[in-house]
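What the coordinates show
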Amino acid sequence: MAEPATEYVQEPSADGRGKTLGPGLNGGTVDDTAVPPVPSDSAGLAEELASSTPISVAVDDIVELPASPSATNATPIQAEVETDPVPAAAALRSGPYASVHSDANHGTMIGQLFEAVQRHSGAPLRAESVARELADYLPIGNEGEVAQVLKDNRVAVLVADHLGSGRWTSALQLLTNVQGEPLTLRRVRREVGDSFSMEGLRGNKRTGWILDLRETEESVPASCDFGLELQQADDLRDDDSYLIVLVGAELWARIGNGAGGLAKIPAAPDAIELFSKYLETAGIVDPPSWAEDHRLCKDLPQLRPGQVKEWAQTLVRAESQYRSATGRSTERGSDGFDKVVQAVANAVAGWMDVLWKWHSEPGRTSYDRNYLLLASVYDGAPIENVHDRITSLGHALGERNEGPRLTGQQGPGLIQLARQIDAIPLPDGNLRFPGPGFAEAVVRYFWRDRPELIGPFTKWTAKLCLGLQPDQQARLAQRMVPWALRHAQASRQTKLLYGVAEDWSQDGGLVGHAHDLLVAAILDPEVGQLTRNATTRWASSEESSAHLLRTLARVFQTLVSAHPGLMLRRLGDLAVSQKDGVAEAVGTALNALWEEDELRPQVRKTLDSWFASDHHGLQRSAASAFMNLALQHDDSGQPALLSTPEGGVVPDWVIRGWRTALEAEEPTALGRRACAVWLDAAAATGDDAADRIAATFARAVHETHGDHLRGRRVLNLYRLAEHWLIRGEALDWEGRSRFRAALVRSVEAADPRAPGREREGEPASA
């Protein structure tokens, strides 16, 4: 199914950022410090999801590697046994990048997504998370200057040209080191493009705030007078709190007027020292020997710290794989040392020269190339019906070779196929590739070499997941999440995100991965805004399936705490859909959000606005959500919606909720359950509860400005009461029958069209 047509327009690239520095800055090149291992700060969320490395600081958001050190022919690291899977190195590239290798299991991925959402929500950052992010921290060169600015003004601004500059880690370090009782660290919660006021931070004692304005699409309204606002630090002083702003140079140049004295550019630590630190943390023996090798040290000073991080990660993987495969030493001066350095050289260059030479060899066929790509998709895992899979991939890419199906010993066997791609077949059926990052480098090479085939390839891979066994399906889906994000980052389009999410949403085993993919994309600092805009179109598009829309309801629910206003509006977009189960999915999402105390006022406000809407879909979703809330009860067994601060008065929004539910063409199963809960409580708990519940239903039926739909409300209430009479649990049949009759009399007595009757009617407990 195609994505909505408006999505085919290519978005402008956000690769470059302005070089003009903000007010009061002297310019110069920004060499960034390491980025924390949290999804929104790493190479898009995809890099975090793809990483399971012993080094605890994540990769730069944008990595532009210079020429690799002596990248020549491949130096395969032979192996007899598998080592633990490790994440990939970054390739030679430009623009945003997300690793196409995923070793994280689904549970780990869920945990990382949860942590990312919590961080965006403004919740206190967990102490163990902060400690993990600072484990490898080396002080920036001007840390003392920034600390003094923070001490004197309660506010400091860290400015850099690139995402992944280390501003986040530097902010954590500076706030952690503030003298006195430890600060509670929080990220300021705001939507991209929102205004900012220092008053919003008031009342939070001993808090270290981080205002993160690094997202590519970030902006601040000119009317905000942002620079002057930062000078208003009296509330921070009263609360003994601090604020650090993280911002790009181009944006700061526009909004920083009047606050130049607060701004500093983080000065990167020594690259070789940083490289050694990463190796030491990862357990590499004699880190200086590696850092001082002429093939590495000549390029390290040219790298930003995030790139230094990637080189260190790659060396750790290559060294581990070599020792595991050969059992030999990697001491300086040994053959192992040289082979590891060569593998690092090839890996950080994306294996580009190696793959180019392989593809250019005389006699190389599309069958060979498709097997290399297929084996990389499987990450070296065994492939069932390998020849059929190769043929299927070829057809997906537009090849029309209709030759006979290979049977028996026709065509190359597994060993020959493996050797042809410079891999080693292992006894368990897995493949050992030439070195770290090789499998994902093959996919990247294909994307760059055959850009017109990216769409067919990704669609084929997404559909391949549908036909696999559950464990294989999950592994491939986990790998595809960062692949799809990487493509969105590079292309500035969400067409493939849409296609993958659409296909996966229709499979029970993959719908959770579709959810994770979209959550990751929305939180990604490179394509987050792009994806948020796209989901608006998807939610209202007739081309989107009900399956995808139900997935989007779960996605928006997950992200409400991070983007409350925006995601509640997105749920509203979905709520108008007439497609199967979508309104119910929105209702379920709102019901879940009701459980979070801090979100409850916003959820209630949203429901109230939907009750008043003229749109049937919004009313239906609101009624579904309200019925779920009506099912809840407090410790005394009373409906929870009756337990209000209003001192016994049922809130108007609860009346409107029941009215909306009663105006449906006929009661829903959920409505019958909710009404039964209320009538059971009324019948079983005494006069006061009975009178309040009866009055609630009477007001829901009659307390309106006109007679429109009054008859339907009365009829539906009687239907609900009749269902309770048959299925209710309180009292016996006779008792329920008397109570039902009393309820009917109360509702009839409250009818404003019956002027001769007592408006109050008989008590429902009669």
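Note that the structure is a prediction, hence the values are computed from the model and not measured. (Residues numbered from 1 in each chain as written. Predicted model: local features only at pLDDT ≥ 70, side-chain atom pairs only at ≥ 80, totals over all residues. Heavy atoms only, no water.)

Section: the overall build of the protein
So the rule is basically this: Segments assigned H or I by DSSP are reported as helices when at least four residues long, segments assigned E as strands when at least two residues long, and all are numbered from the N terminus. For each residue, the accessible area found with a 1.4 Å probe, counting protein chains only, is set against the maximum for its type, and the residue is called buried under 20%, exposed over 50%, and partly exposed in between. Only the protein chains shown count as covering a residue, and every accessible area follows the Shrake-Rupley method with a 1.4 Å probe.
For the protein, the count of helices and strands is 33 helices and 7 strands. By residue count, 59% of the 766 residues in the protein fall in the buried class. Within the structure as shown, the protein displays about 30500 Å² of accessible surface, and the carbon and sulfur contribution to it stands at 49%.

Overview of helix α30 (residues 669-685)
Selection rule: How far a helix is expected to stretch is found by multiplying one less than its residue total by 1.5 Å.
Under the 1.5 Å per step criterion, the end-to-end length of α30 is 24 Å for 17 residues, consistent within 8% with the ideal 24 Å. Taken residue by residue, α30 has L670, G671, A674, C675, A676, W678, L679, D680, A681, A682 and A683 as its buried positions.

Section: the side chain of S376
Put simply, the rule is: N or O atoms closer than or at 3.5 Å make up a polar contact, with two conditions inside protein: a donor-capable atom paired with an acceptor-capable one, and, for residues adjacent in sequence, both atoms drawn from side chains. For this analysis, residues touch if any pair of their heavy atoms sits within 4.5 Å.
Checked against the element boundaries, S376 lands in helix α15 (residues 366-377). Given a relative accessible area of 0%, S376 falls into the buried group. Reaching out from S376, the side chain makes a polar contact with the backbone oxygen of L372 at a distance of 2.9 Å. The contacts of S376, once residues within four sequence positions are left out, are F433, A439, V442, V443 and R479.

Concerning the environment of D449
Note that D449 resides in helix α18 (residues 438-449). Sequence separation between D449 and W356 is 93 residues; the distance between their C-alpha atoms is 9.6 Å. Within the local environment of D449, its side chain forms a polar contact with the side chain of R450, the two groups lying 3.5 Å apart.

Digging into the nonpolar core
Heads up, the condition is: Each nonpolar core is a collection of buried residues, namely Ala, Val, Leu, Ile, Met, Phe, Trp, Tyr and Cys, held together in the definition by side-chain atoms within 4.5 Å.
By size, the foremost hydrophobic cluster in this structure holds 138 residues, and its most contacted members are F457, W504, L571, L590 and W658. By residue number, the principal contributor to this core is α30, which donates 9 residues. Beyond its immediate stretch of four places on either side in the chain, W658 contacts F626, M627, A630, A674, C675, W678, T696, F697 and A700.

Quick word on the pairing of strand β2 (residues 184-187)
As a general feature of sheets, a regular strand has side chains that alternate between the two faces. So the rule is basically this: The criterion for strand pairing is that DSSP finds at least two bridges linking the strands in question.
Burial of the side chains of β2 is restricted to one face: L185 and R187 are buried, whereas none of T184 and R186 on the reverse face is. Where β2 meets strand β3 (residues 207-213), 4 bridges bridge the pair, whose relative direction is parallel. Note on β3: the bridge partner recorded for L185 is G208.

Some points on the pattern of salt bridges
Our working definition: One speaks of a salt bridge when a side-chain nitrogen belonging to Lys or Arg is within 4 Å of a carboxyl oxygen belonging to Asp or Glu.
Evaluated as defined, the whole model comprises 31 salt bridges. Two residues, K298 and D299, come together in a salt bridge whose shortest N-O distance is 3.2 Å. When salt bridges with common partners are traced through the structure, they connect R154, R206 and D240 into a single cluster.

A closer look at the packing of aromatic side chains
We describe a pair of aromatic rings using the distance from one ring centre to the other and the angle between the two ring planes. Note the cut-off: Each Phe, Tyr or Trp ring, with Trp reduced to its six-membered ring, pairs with another whose centre is within 6.5 Å; inter-plane angles below 30 degrees give stacked pairs, above 60 give edge-to-face pairs, and intermediate values give tilted ones. Here, a charge over a ring means that NZ of Lys or CZ of Arg falls within 6 Å of the ring centre while also lying within 35 degrees of the ring normal.
Counted according to the given criterion, the structure contains 15 aromatic pairs. Between W351 and F438, the aromatic rings sit 5.4 Å apart at their centres with planes inclined by 85°, giving edge-to-face as the arrangement. Within this pair, whereas W351 is found in the loop between α13 (335-348) and α14 (352-360), its partner F438 is found in helix α18, the two being separated by 87 residues in sequence. Side by side, W351 and F438 carry an identical accessibility label, which is buried. Ring centres 5.3 Å apart and planes at 80° place the aromatic pair W658 and W678 in the edge-to-face group. One end of the pair, W658, is in helix α29 (residues 652-662); the other, W678, is in helix α30, and 20 residues separate them in sequence. For the residue pair W658 and W678, the accessibility class agrees, reading buried in each case. An aromatic cluster of at least three residues, connected via ring pairs, comprises W594, F611, F626, W653, W658, W678 and F697. Geometry around Y278 places K309 over its ring, the cationic atom sitting 5.1 Å from the centre. Sitting over the face of the ring of W358, R364 holds its NZ or CZ atom 3.8 Å from the ring centroid.

Topic: the sheet that holds β3
Our working rule: Whenever a helix is involved, its axis is fitted only over the stretch in contact; in every case the axis is a line through C-alpha atoms, and angles between N-to-C directions fall within 0 to 180 degrees.
Taken together, the 5 strands give an open sheet; going across it, the order is β2-β3-β4-β1-β5, and neighbouring strands pair in parallel fashion. Of all strands in the sheet, those bounded by a partner on one side alone are β2 and β5 (263-264). As defined by bridge partners, strand β1 (residues 155-160) adjoins β5 across 2 bridges and the pair is classed as parallel. The residue bridging V157 from the neighbouring strand is A263, located in β5. The sheet contacts of helix α4 (residues 143-153) involve β1, β4 (242-248) and β5, and relative to β1 the element is tilted by about 145°. Against the sheet, helix α5 (residues 167-176) contacts β1, β2, β3 and β4, and its axis sits at roughly 170° relative to β4.

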